[in-house]
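Below are the chains, spelled out letter by letter.
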Amino acid sequence: MDIFNGLLLGLSTATTLTNFAYCFFGVFLGTAVGVLPGLGPIATISMLLPFTFGLPVDTGLIMLAGIFYGSQYGGSTTAILMNIPGEASSVVTTLDGHEMAKQGKAGRALAAAAIGSFFAGTVGTLFIAVSAPLLASLALTFGPTEYFALIVLGLVTSMVLTSGSLLTAFGMALFGVVLGMIGTDVNSGAARFTFDSVNLLDGLDFVVVATGIFGLGDVLANLENERSRTATVAPVSSLFPTADDWRRMTAPILRGTGIGVLLGVLPGAGVLLASFSAYALEKKISKHPEQFGKGAIEGVAAPEAANNAAAQTCFIPMLTLGLPGTATMALMIGALVVQGIQPGPEILTQQPALFWGLVVSMWLGNLMLLFLNLPLVGLWAKLISVPYHFLFPVICVFVAIGVYSINNSVFDVYMMALFGVLGYFFKKVGAEPAPLILAMILGPMAEEYLRRALLISHGDATVFFSSPLSLGTLVVAFLLLLSIVSPRFRKVREEGLQDAD
Amino acid sequence: MNRREFIVLGGTAVTLATSGIAIAADWPSKSVVVISAYPPGGTSDIIARIVADLLTAKFGQQFVIENLAGAAGALAGGKLARSAPDGYTILISGSAPLAANKVVQKNLAYDPQVDFTPITVVAESPALLSASANAPAKSLQELIAYAKANPGKVNIGNPGAGTKGHICAAIIGLESGIELNHIPYKGSPPLLADLLGGHIDFALDAPSNYLPHIKDGKIHGVAVTSAKRIGELPEVMTVAEQGLKDYNQTLWFGAVGPKGMSPDIVSAINSAIKEWSDTPAAQAKLASLGLTAVVNTPDQMRASVEREIETLIPLVEAGLVQPS
């Protein structure tokens, strides 16, 4: 079946009343859980999964997919307005997005995120239609050595993200790696840093740490100057991007989309690596790197475009190989398997209506999201002018519900409270938490792939240099590291920091 | 708005109070909590949901699923052990929290042979040894010969340290006297990816994810671990047929209650599951998940638990499986 016929078949599947309605329901729900701090798409999809067992398989999958990419749109809303990343991929959106909100540019940041996401979603969907089967086999050439190199690159870029002291960023990243080690070791099954607590055997959930440090930490810091806070938030100026904004964000959206589309295909850290690779790239090539972290619209548009593009293309390995890149994709495979469909190389020939229907529904869903989100921008932007003593109890309640819903565990809520205090401490001493969060996710992955690569090679470390993909990535990481510590770069950074003072 | 729908949906998973001793004759007079030891969507959880649905239909009371995943089922097992044996809390799960955890976890908060009342095994599945397209062996005999000629050079992936796939491979190594290089993954998908990409030569795991790729010719089926061959891969011989006599390992899923549950309630649940598993619809449903129905008696299930635990002890003694 060629692409044209496939798209026609997809159009007829996706536009049936039921499928259209469930697609809308999915993206609406996705936006809502994205906006609610703490409650993420994984928890939502787990809860709704049993509900899809009674639906036709295409309808169920269309709805679940809608929740997933819908939450990528919604996730940027809390990241920008309240400095709470709902998903790992929106951690970098907080850096400039929340700064813009504090300067009264919340509406422009939200609109930039929505427009960037829509464009990226469209390109991502088209990309699936054109090249899904080809790319899926390409992704398989990535073995443990290549993944390890890619993750090392990720860890190095995570330090580029901060605007504070490099030594602090390194310390935070190191602390993040240690936090990530808590739990059962994959290779030996040994329990590490669990202090004999059963609750820690599975490690710390990212959402628990992120909502604690970013969400609660921010609440604590804001309460300190509750009376004077209204003065620190500038009044909401314009809601929509100005001509200058458009000029500044067009190229970042294009580059972010490209990065997102490509990295999304890799099973593993696709969506996460995409958003902060896009941010790091923009900061690196920008003529004004000193504006990053202080409300640069490029720093919102590029990672948002990248994470949404990757949120579309990460369906490629799931659909064509049965390989889930993320926990969410694993749940989708569960939804298909229950209905007797094994995702794999035969899905295109055996279930063409399902495949193409999903592809077309994703584009329709992205269109719905644009119309759903742009009019809401004004409403969300007003949220930030709500008096804080009304807002913060609501935030606390929702983050507690969200964190509890992950594992139905009260222990997680206590952990979040602990990390809230830690987040407040970090704020007081001026340590940026973004490298910590990213290292907490990437550290254990680096360890897992490093040990696996060495197990497979029987301890021969030269494998990292004999694979061209791995060698190339490691060289890029090394150059980046060199450029971070080089005196010239340091000078640029320091000038930037002085400008800010 | 939909926040409310959420709370309602989430609320069904909240534990319902199960206090007081129920009289078996009245059972069930209120809803029953079915603890599922793994996250939604996995095979173990799907089985728990199927059984909860059939029990709801049979007894006219809601059997409500409560997902309590973590620590390879040890959290769910601990919760059941602390529950009242009044027939209003049961656990349906893969065998790890029902048996293996006793040997492979050091600080297990309960003893599955003492603190649980067996109800029945529900279903089982063999594990499958498969090889990548460019692997140095396509049969178990070739694999053993290759491993003897190249000691320690054979890489064999499993979906996690201490999982059934790891145990099955460790027993093959122990019984045939070869040294295998066990490589643990976080679940099946990354293992399958590395096998398809040729980054690893062999994998031992539950079959369902691998079947389409074997039919596609991208990987090879080497051996199945059960006593009989499986319907989906009639040409793939069992491990026993390829020389390891009496080798028979399966992944199984069962239902248990807390210690001291009334025999009447045990028997009522057992008969309801048995009655359902004899229907063609039930067998087709399980077959679509790569499983076979094997509903037995509480005593037979007790024996399965004991056999599983005894298989593991020599592996732990040989240092092939390390308790954590």
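Structural data are supplied above this passage.
Overview of the structure. Position labels on residues start from 1 in each chain and follow its written sequence. Key to labels: chains lettered from A, ligands numbered from 1, both in the order written. Per-residue local features are limited, in this predicted model, to residues with pLDDT of at least 70; the limit for side-chain atom pairs, both in listing and counting, is 80 or more; totals at the level of whole chains, interfaces and linings are taken over all residues. For side-chain calculations, the full set of non-hydrogen atoms in the structure is used, while hydrogens and water are omitted.

Once that is clear, we can look at the overall build of chain B. Secondary structure elements follow DSSP: runs of H or I of four or more residues count as helices, runs of E of two or more count as strands, with numbering from the N terminus. Check the secondary structure of chain B and you find twelve helices and eleven strands. Working rule for contacts: check all heavy atoms of both residues, and any pair within 4.5 Å makes them a contact. If you take every contact in chain B between residues at least 6 apart in sequence, the share linking residues at least 24 apart comes to 76%. Surface exposure here means Shrake-Rupley accessible area, sampled with a 1.4 Å probe, where a residue is shielded only by the protein chains that are shown. Carbon together with sulfur atoms contributes 54% to the accessible area of chain B, which is approximately 12700 Å² in total.

Residues and elements named next belong to chain A. Expected span, for any helix, means 1.5 Å times one less than how many residues it has. Relative to the 33 Å expected for 23 residues at 1.5 Å per residue, helix α20 (residues 434-456) spans 33 Å between its end C-alpha atoms, a close match to the ideal helical length. Remark: the principal bend of α20, roughly 30°, maps to Met440, with a proline, Pro444, within the next four residues. Between buried and exposed lies partly exposed: a residue is buried under 20% and exposed over 50% of the maximum accessible area for its type, with that area taken using a 1.4 Å probe on protein chains only. Where burial is concerned, most of α20 is hidden: 19 out of the 23 residues are buried. At the exit of α20 stands His458, carrying a positive phi of roughly 60°. Fitting axes to the seven residues ending at a residue and to the seven starting there, one defines the bend at that residue as the angle between these axes.

Listed by partner, the interface residues are 46 residues for chain A and 46 residues for chain B. Together, the buried faces of chain A and chain B total about 3900 Å²; carbon and sulfur atoms form 65% of this surface. Contacts described as polar in this section are N or O atom pairs within 3.5 Å, which, within protein, must combine one atom able to donate a hydrogen with one able to accept it, while residues neighboring in sequence count only if both atoms come from side chains. Our count for the contact surface shared by chain A and chain B stands at six residue pairs in polar contact (both at pLDDT 80 or more). Those elements giving two or more residues to the side of chain A that touches chain B turn out to be α2 (17-35), α3 (41-52), α15 (327-338) and α20 of chain A. Per element, the largest residue contribution to the side of chain A that touches chain B is six residues, and it comes from α3(A). Gly is put with the polar residues, along with every residue not named as nonpolar or charged; the nonpolar set is Ala, Val, Leu, Ile, Met, Phe, Trp, Tyr, Cys and Pro, and the charged set is Asp, Glu, Lys and Arg. Split into classes, the residues belonging to the side of chain A that touches chain B amount to 30 nonpolar, eleven polar and five charged. Buried area counts how much accessible surface, traced with a 1.4 Å probe, disappears from two parts once they are put together, with both parts' losses summed.

Quick look at the packing of helix α9 (residues 206-224) of chain A against helix α19 (residues 410-429) of chain A now. Any two packed helices are characterised by the angle at which their axes cross and by the distance between the axes. All names here are of chain A. Contact geometry for α9 and α19: axes closest at 6 Å, N-to-C directions at 55°. For the element pair α9 / α19, the angle class is oblique. Taken as a pair, α9 and α19 cross one another with a handedness that is right-handed. Residue-level contacts link Val208, Val209, Thr211, Gly212, Ile213, Leu216, Gly217, Asp218, Leu220, Ala221 and Glu224 of α9 to Asp412, Met415, Met416, Ala417, Phe419, Gly420, Val421, Gly423, Tyr424, Phe426, Lys427 and Lys428 of α19. Broken down by class, the residue content of the contact of α9 with α19 amounts to 13 nonpolar, five polar and five charged. Between N-to-C directions, angles span 0 to 180 degrees; the directions come from axes that are lines fitted to C-alpha atoms, helices contributing only their stretch in contact. Angles are sorted into four bins: roughly parallel if under 35 degrees, roughly antiparallel if over 145, roughly perpendicular if 65 to 115, and oblique for all others. In this scheme the crossing of two helices becomes right-handed for a clockwise turn of the near helix relative to the far one and left-handed for an anticlockwise turn of less than a right angle.

Residues and elements named next belong to chain B. Note that Ile90 resides in strand β3 (residues 89-94). Residue classification places Ile90 among the buried positions, given a relative accessible area of 0%. Here the alpha-carbon distance between Ile90 and Ile65, two residues 25 residues apart in the chain, equals 9.8 Å. The residues contacting Ile90, other than those within four sequence positions of it, are Val33, Val34, Ile35, Leu55, Leu80, Ile119, Val256, Gly257, Met261 and Ile269.

Residues and elements named next belong to chain B. Strand pairing requires that DSSP identify at least two bridges connecting the strands. Pairing in this open sheet of six strands is mixed, and the strands run β2-β1-β3-β10-β4-β11 from one edge to the other. Either end of the sheet is taken by a strand with one partner, and the two such strands are β2 (63-67) and β11 (292-293). Here four bridges tie β3 to strand β10 (residues 250-258), and the two strands are oriented antiparallel to one another. Residue pairing for β10: Leu91 is matched across the bridge by Val256. Strands in contact with helix α10 (residues 263-277) are β3, β4 (116-126) and β11; relative to β4, the strand with the most contacts, it is inclined by about 20°.

Time to look at the pattern of salt bridges. Residues and elements named next belong to chain A. Basic side-chain nitrogens of Lys or Arg form a salt bridge, by our definition, when they fall within 4 Å of a carboxyl oxygen of Asp or Glu. Taken as a whole and judged by the stated rule, the model has 19 salt bridges over all chains. The partner of Arg255 in a salt bridge is Glu282, and the shortest N-O contact between them spans 2.8 Å. Here Arg255 is found in helix α11 (residues 243-264), whereas its partner Glu282 is found in helix α12 (residues 270-285), with 27 residues between them in sequence. Under the relative-accessibility criterion, Arg255 is labelled partly exposed at 32%.

A few words now on the packing of α9(A) against α20(A). All names here are of chain A. Their axes nearest at 11 Å, the elements α9 and α20 cross at an angle of 175°. What the angle tells us is that α9 and α20 run roughly antiparallel. On α20, the residues touching Phe206, Val209, Ala210, Ile213 and Phe214 of α9 are Ala434, Leu436, Ile437, Met440 and Ile441. Residues that form the contact of α9 with α20 fall into these classes: ten nonpolar, no polar and no charged.

This part takes up empty space enclosed by the protein. All names here are of chain A. Within this scheme a cavity is a closed region of a 1 Å grid, computed over the protein atoms alone, that accommodates a 1.4 Å probe without allowing it to escape, whereas a pocket is open but has protein on both sides within 12 Å along at least five of seven lines; lining residues each have an atom within 4 Å of a point. Grid points are joined across faces, edges and corners, and a volume is the space filled by probe spheres set on the points. The tally for this structure, following the rule as stated, stands at six cavities of 30 Å³ or more. When its volume is computed, the second largest cavity comes out at roughly 70 Å³. Around the second largest cavity, the lining residues are Tyr73, Ser76, Thr77, Leu110, Ala113, Ala114, Ser117, Asn373, Val377 and Trp380. When grouped by side-chain class, the residues that make up the lining of the second largest cavity number six nonpolar, four polar and no charged.

Before going further, it helps to spend a moment on the sheet that holds strand β7 (residues 180-184) of chain B. If you trace the five strands from one edge of the open sheet to the other, you get β7-β6-β8-β5-β9 (chain B), paired in mixed fashion. Of all the strands in the sheet, the pair left with one neighbour each is β7 and β9 (219-224) of chain B. On average, adjacent strands in this sheet sit at an angle of 30° to one another, irrespective of strand direction. Here strand β5 (residues 128-132) of chain B pairs with β9(B) via five bridges, running antiparallel. What sits directly across from Ser130(B), in β9(B), is Gly221(B). Running over the sheet, α20(A) touches β6 (154-158) and β7 of chain B and is turned about 165° from β7(B). The sheet contacts of helix α6 (residues 140-149) of chain B involve β5, β6, β7, β8 (202-205) and β9 of chain B, and relative to β6(B) the element is tilted by about 125°.

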